[in-house]
Every structure is written in C-alpha cells, then in structure tokens.
Amino acid sequence: MSQSDARSSDVSCVSCRTSKVQFECPLCEADICSKCVMRPPQGSFFYRSDTPAELKHPHYCQSCFAEEVETAVSQYEETLALAKEVFVFFTTQKKEIPLVRKSKELLMVQEQEDRDVTILKLAYMASERGFNAIISTDVQCVKVRNEGYQHSVWSGKAYAAEVKGDRLERYGFE
Ligand SMILES: [Zn+2]
Ligand SMILES: [Zn+2]
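Because the structure is a prediction, the values reported are computed rather than measured.

Undergrad: Got a minute to help me understand the nonpolar core in this structure?
TA: Nonpolar side chains in soluble globular proteins generally cluster together in the buried interior. Leu 122, Ala 123, Ala 126, Ala 133 and Ile 134 are the most contacted members of the largest nonpolar core, which totals 24 residues. At seven residues, helix α3 (residues 115-128) tops the list of elements feeding residues into this core. When residues are assigned to domains, this core turns out to be shared by domain 1 (3-82) and domain 2 (87-170), each giving three or more. Ignoring sequence-local partners within four residues, the contact set of Ala 126 consists of Val 86, Leu 107, Phe 131, Ala 133, Ile 134 and Ala 160. Ranked by size, the runner-up nonpolar core spans nine residues in total, among them Cys 13, Val 14, Cys 64 and Val 69.

This is the structure:
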C-alpha cells in the first residue's frame, strides 16, 4: 500500500487509535498522531561525528523510539558529559603531560562553525574511544568569502590519549 492510500483510507494512530494522524514513523512507517509522536531531545547527537541515518529523524513512533533511539540518546548524553571533562593539550603544550597511553589514530573534524564546537567534537571522539584526553590538538580557522559575506570555517585534529588526571591537578594544569 502506498503512503497516500494509507492516509486516505481509515488511518489510525498506531498507539492510541485516533484518526488524527499527523506523522509517519520513518523507520516502520506506522501512522502516529501528534500526542503519541516521540522526538529525540533537541540537539541530540550534535557532537557525535558518525551518527547513523536512522538516528537523525526528527520524530518516531513509540516502539521505534524505545527500541532504536532511547538507548542511543542516553549513551550520547553520557559520552558528552565525559567529553566535557576531557583534558585538552594543544600542539603548543610545553609542560610534560603525564601520559599513560596514546592512540595512533588521528582524530579529525572539518567544516565547523566555531572553535569550541571543533574541540568538543574531538573530545567526544576521544571519550567514545575510552580516553580522557586529547593531545597534539591543532585547531585551524580559515576565512571563507562567499558572495561578499565572510565567515570562518574551523577544522581540528588531535590524538586521543589517557593521562593521569590526578597528577595533572598537582602539576598545575587546570
Ligand atoms: Zn496517538
Ligand atoms: Zn516506528
């Protein structure tokens, strides 16, 4: 049955059976009313760089939300909370870093609107991988002129690392 057929015949919300259907679930195609529709919190997955397409929809039916989205949202929030605590060392870092281990993988983000977002996205990648720091962090800004309107585009790279957080405080890092 095509979408328009489903809507013109006797359509009802998959959860409450009202006929005032306003949405279709992008994952299972169930019809949903505005009261039963589930939306991920605003800005969910913003700092995550590899968000799969099925998590990028603005609304879902209740069962798809529970099965596909809810866990991912809470994992995202946990990882983001850790990312905000990540120690950031720039290429200009002179003091010795109390390093435990370092990842060989170069983390990169591109085409960001500002510096803080660029750094937090790198930090998010590090937390996702189980690290508590980013080192050799290099953030660049390029001015882009577009039909007379100039704006900045940020990119950054870093390596994920594990550092002794307690030592850092003693060493006078923040
Ligand atoms: Zn409903
Ligand atoms: Zn669904």
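On we go from here.
Undergrad: Please explain helix α2 (residues 62-83) as it appears in this structure.
TA: At 3.6 residues per turn, the α-helix brings residues three or four places apart onto the same side. Here α2 contains 22 residues, and its C-alpha end-to-end distance of 29 Å stays within 8% of the 32 Å for a straight helix at 1.5 Å per residue. Along α2, the sharpest change in direction is near 45° and occurs at Val 69. Among the residues of α2, those classed as buried are Cys 64, Phe 65, Val 69, Tyr 76, Leu 80 and Ala 83.

Undergrad: In this structure, what is going on with α3? I would like to understand it.
TA: Its 14 residues give α3 an end-to-end C-alpha distance of 20 Å, which sits within 8% of 20 Å, the value for a rise of 1.5 Å per residue. Counted residue by residue, α3 has 11 buried out of 14 residues, so it is predominantly covered. Taken as a whole, α3 has its buried residues at Thr 118, Ile 119, Leu 120, Lys 121, Leu 122, Ala 123, Tyr 124, Met 125, Ala 126, Ser 127 and Glu 128. Elements in contact with the buried residues of α3: α2, β3 (87-90), β4 (99-112), β5 (133-146) and β6 (149-163).

Undergrad: Could you clarify how one ought to interpret the pairing of strand β1 (residues 21-24) in this entry?
TA: Sheet faces and side chains relate simply in a regular strand, where the side chains alternate between the two faces. When β1 meets strand β2 (residues 31-33), the two strands line up antiparallel, connected through three bridges. The partner of Val 21 across the bridge, within β2, is Cys 33. Connecting β1 to the antiparallel partner β2 that follows it, the hairpin turn spans six residues, and Glu 29 within it adopts a positive phi of roughly 65°.

Undergrad: How should I be thinking about the pairing of β6 in this particular structure?
TA: Across eight bridges, the pairing between β4 and β6 is antiparallel. Across the sheet, the residue bridging to Val 109 is Gly 156, located in β6. Two elements, β5 and β6, share 12 bridges in a ladder whose sense is antiparallel. Following the sheet pairing, Gln 140 is matched in β6 by Ser 155. Hairpin connection of β5 to β6: two residues between the antiparallel strands, including Glu 147 at a positive phi of 50°.

Here is what the cut-offs are and how they apply
- Residues numbered from 1 in each chain as written.
- Chains lettered and ligands numbered in written order.
- Predicted model: local features only at pLDDT ≥ 70, side-chain atom pairs only at ≥ 80, totals over all residues.
- Core = buried A, V, L, I, M, F, W, Y, C linked by C-beta atoms within 7 Å.
- Buried ≥ 20, exposed ≤ 12 C-beta atoms within 10 Å, placed from the backbone.
- Helix = DSSP H or I, 4+ residues; strand = E, 2+ residues; numbered from the N terminus.
- Domains from an automatic or database assignment.
- Contact = placed C-beta atoms within 7 Å.
- Expected span 1.5 Å × (residues − 1).
- Bend = angle between axes of the 7 residues up to and from the residue.
- Pairing = 2+ DSSP bridges.

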